[in-house]
Amino acid sequence: MTELCVFPQVIKCKAAVIWKKGEPISVEEVEVSPPRANEVRVKIVATGICRTDDHVLEGEFPGIDYPVIAGHEGAGIVESIGPGVTCVKPGDKVIPLCVPQCGECSCFVNPKTNFCFKSQLYQSQNLMPDGTSRFTCKGKKVHHFLWTSTFSEYTVMPEAAIVRIDAAAPLDKVCLFGCGFSTGFGAAVNTAKVEPGSSCAVFGLGGVGLSVVMGCKAAGASRIIGIDINKDKFTKAEELGATECINPQDFQKPIQEVLVEKTGHGVDYAFEVIGCIDTMTAALSSCHLAYGTCVLVGAPPLRSEISFDPMLLFTGRRWTGSLLGGWKLKDALPKLVSDYMKKKYNPDALITHTLPFEKIGEGFELLHAGKSIRCILLF
Ligand code: COD
Ligand code: ZN
């Protein structure tokens with residue numbers, strides 16, 4: 001291997017390739033080219049499996065070109081840097097950023113948003129900014145995913161999509177800051193700005209929903225109602241701060257009516273962390289009619305449309321979305337990780353399984369079966 005070498009070469013390593021949508025993920029040997037100008041090559045040490053990676057597998061993620069290497073919840077060590085890179089150096093511990101901070105676009109300079117016009121929701125991140133890929137497998141070009149592709153032992157990203165973190169941070173844990181924990185926690189403390197004493201409803205208690213629960217608790221919410229159709233999720237949710245958990249299937253009436261009855265006029269904050277049209281409108285309807293805020297965290301299904309009674313908003317409810325917890329990641333992640341090192345919160349509780357990278361297929365099976373919250377793969 002060429003770790004820390006001055007003139008980096010092509011590296012052969014293992015990666016999980018998705019050859020076509022709907023096909024099982026396949027562990028292969030891939031070639032990873034050296035980083036070009038303003039790019040960084042990273043040795044990934046640990047990566048989580050997020051539902052979004054499953055959307056890539058199923059062909060449900062917008063604008064993906066196949067074959068592709070997914071994975072966006074990783075942590076690793078810089079192996080080499082291309083000309084012009086100043087933000088990291090070989091040997092630094094880093095987290096790849098699936099929402100980059102390009103440093104140039106109108107969103108970058110606006111403190112109200114963490115959106116970036118270089119992100120996949122606006123333009124493709126399936127190739128490096130120069131239009132080429134750093135991955136090949138069996139003589140074929142393989143695409144990048146969100147410029148992170150953490151399902152490869154070595155991966156390359158532009159420097160807009162990487163941040164250095166505390167050298168003492170445990171990479172097998174802080175990989176969760178690359179997506180799940182930051183997305184959920186930030187939706188509560190950053191996007192919604194939950195206040196002490198408020199009431200919250202969290203629809204969906206997967207890794208991201210549980211992180212919303214942790215955020216609501218950290219913000220001092222006095223009532224946190226977890227909602228899930230899988231009651232196996234309730235124990236963990238209550239451990240992490242949910243004051244009660246309910247299963248919509250246990251009620252004859254719609255869940256929004258149950259929540260409004262429970263709280264008087266609806267909750268102060270509702271979070272949709274499932275990515276389903278019906279629960280998006282249910283979450284909105286369960287908010288206080290005058291000052292409730294509903295935050296969409298789950299990505300909607302491809303090409304979906306929503307219809308709802310506009311009266312729901314006319315009375316004053318607010319409906320908004322939260323991408324990666326609203327954090328400007330380059331600025332926020334080092335601080336989030338250092339707060340974790342100071343034990344201010346405990347995303348470790350989300351990790352239910354740890355597997356060697358080769359068992360990535362098993363990791364996806366656990367996700368499909370609803371048995372894992374977060375499965376961490378180690379290289
Ligand atoms: N009612 C109640 N609960 C439900 C329902 C329903 N109709 N359907 C499913 N659920 C529950 C499931 O039982 C499960 O417990 C939970 O909802 C979903 O959890 P997971 O483990 O499948 O998923 P997460 O928590 O890893 O991720 C969920 C998201 C919706 C956040 C994710 O799929 C997503 O859309 N991410 C995009 C948002 C984003 O910002 N992404 C950044 C990069 S990922
Ligand atoms: Zn994710």
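From a predicted model like this one, the values you see are computed outputs, not experimental measurements. (Residues numbered from 1 in each chain as written. Chains lettered and ligands numbered in written order. Predicted model: local features only at pLDDT ≥ 70, side-chain atom pairs only at ≥ 80, totals over all residues. Heavy atoms only, no water.)

The next subject is the overall build of the protein chain. Along the protein chain, the regular secondary structure elements total 10 helices and 17 strands. In terms of C-alpha radius of gyration, the protein chain reaches 20 Å, essentially the compact-globule figure of 21 Å for 379 residues. The dimensions of the protein chain, computed from C-alpha atoms along their principal axes, are 65 × 40 × 35 Å. A total of 379 residues make up the protein chain; the buried ones form 55% of that total. Sequence separation of at least 24 residues holds for 70% of the intrachain contacts in the protein chain that already meet a minimum separation of 6. Here the protein chain holds 38 positive side-chain charges and 40 negative ones, and the gap between their average locations is 4 Å. (Helix = DSSP H or I, 4+ residues; strand = E, 2+ residues; numbered from the N terminus. Rg over C-alpha atoms; globule rule 2.2 N^0.38 Å. Buried < 20%, exposed > 50% of the residue type's maximum accessible area, 1.4 Å probe, protein only. Contact = heavy atoms within 4.5 Å. Lys, Arg positive; Asp, Glu negative; His and termini not counted. Charge placed at Lys NZ, Arg CZ, Asp CG, Glu CD.)

Time to look at the UniProt feature "domain: Alcohol dehydrogenase-like C-terminal" (unreviewed entry) in the protein chain. Per the UniProt annotation, the sites labelled "domain: Alcohol dehydrogenase-like C-terminal" (unreviewed entry) are residues 207–331. Structurally, residues 207–331 comprises 35% helix and 16% strand, and the distance from its first C-alpha atom to its last is 23 Å. (UniProt positions renumbered as here; feature names shortened; annotations may be inferred.)

Taken together, 26 residues surround ligand 1, and among them Arg 51, Thr 52, Asp 228, Ala 299 and Arg 374 come closest. At 2.8 Å, a side-chain N or O of Arg 51 approaches an oxygen atom of ligand 1. In this structure, an oxygen atom belonging to ligand 1 sits 3.3 Å away from a side-chain N or O atom of Lys 233. Isolated, ligand 1 exposes 910 Å² of accessible area, and the fraction of that covered by the protein chains is 86%. Per-element tally for the shell around ligand 1: the top contributor is helix H1 (residues 51–58), with 3 residues. (Near = heavy atom within 4 Å. Polar contact = N/O pair within 3.5 Å; in protein donor to acceptor, adjacent residues only side chain to side chain. Areas by Shrake-Rupley, 256 points an atom, 1.4 Å probe, with all protein chains shown as cover.)

The zinc ion (ligand 2) binds to the protein through Cys 50 (SG), His 72 (NE2) and Cys 179 (SG); the donor distances cover 2.0 to 2.4 Å. One way to put it: the 4 donor atoms around the zinc ion (ligand 2) meet at angles of 93 to 120°, and that makes the site tetrahedral. One chain supplies every donor to the zinc ion (ligand 2), and in sequence these donors are spaced C-x21-H-x106-C. Separated by 107 residues along the polypeptide, His 72 in the loop between H1 and strand E4 (74–81) and Cys 179 in the loop between helix H2 (171–174) and helix H3 (180–192) bring together distant segments of the chain. Cys 179 matches His 72 in its accessibility class, with the two residues each being buried. (Donors = N, O, S within 2.8 Å, 3.2 Å for Na, K, Ca; no water. Tetrahedral: all angles 85-135°; square planar, octahedral: opposite > 155°, others 65-115°.)

Here we take up the sheet that holds strand E6 (residues 135–137). Strand order in this open sheet of 4 strands is E1-E2-E6-E7, and the pairing throughout is antiparallel. Either end of the sheet is taken by a strand with one partner, and the two such strands are strand E1 (11–17) and strand E7 (140–142). The mean inter-strand angle of the sheet, taken between neighbouring strand axes irrespective of direction, is 45°. Taken together, the 7 bridges between E1 and strand E2 (residues 26–32) define a ladder with antiparallel strand orientation. What sits directly across from Lys 14, in E2, is Glu 29. (Pairing = 2+ DSSP bridges. Axes fitted to C-alpha atoms, helices over the stretch in contact; angles between N-to-C directions.)

Now for the UniProt feature "domain: Alcohol dehydrogenase-like N-terminal" (unreviewed entry) in the protein chain. Residues given the UniProt feature "domain: Alcohol dehydrogenase-like N-terminal" (unreviewed entry) here are residues 37–165. Structurally, residues 37–165 comprises 6% helix and 28% strand, and the distance from its first C-alpha atom to its last is 22 Å.

Aromatic rings in a pair are described by how distant their centres are and how their planes are angled relative to each other. Throughout the structure, instances matching the rule amount to 12 aromatic pairs. Ring geometry for Phe 115 against Phe 117: centres 5.7 Å apart, planes inclined by 80°, an arrangement best described as edge-to-face. Ring plane angle 65° and centroid distance 5.7 Å describe the contact between Phe 177 and Tyr 340, whose orientation is recorded as edge-to-face. With Phe 177 in the loop between H2 and H3 and Tyr 340 in helix H9 (residues 329–341), the pair connects residues that are 163 residues apart, well separated along the chain. Put simply, the rings of Phe 177, Phe 181, Phe 185, Tyr 340 and Tyr 345 touch in pairs and so form one group of aromatic residues. (Phe/Tyr/Trp six-rings, centres within 6.5 Å; stacked < 30°, edge-to-face > 60°.)

Counting 102 residues, the largest nonpolar core has Phe 151, Val 174, Phe 177, Val 194, Cys 216, Phe 271 and Ile 360 as its most contacted members. Listed in part, the 16 residues of the second largest apolar core include Ala 201, Ile 255, Leu 284 and Leu 312. (Core = buried A, V, L, I, M, F, W, Y, C linked by side-chain atoms within 4.5 Å.)

Attention now goes to a nonpolar patch on the surface. Residues Ile 306, Phe 308 and Leu 313 make up a contiguous nonpolar surface patch of about 200 Å² in total accessible area. Looking at the element boundaries, Leu 313 is found in helix H8 (residues 311–314). (Patch = residues over 30% accessible without salt bridge, like charges linked within 9 Å, V, L, I, M, F, W, Y side chains within 5 Å. Salt bridge = Lys/Arg side-chain N within 4 Å of Asp/Glu carboxyl O.)

With respect to the helices and strands, the residue Asp 53 is situated in helix H1. Of the buried charged residues, Asp 53 lacks a salt bridge, with Arg 374 as the closest side chain of opposite charge at 7.1 Å. Residues within four places of Asp 53 in sequence aside, it is in contact with Gly 48, Ala 70, Gly 71, His 72, Phe 145, Phe 151 and Phe 364.

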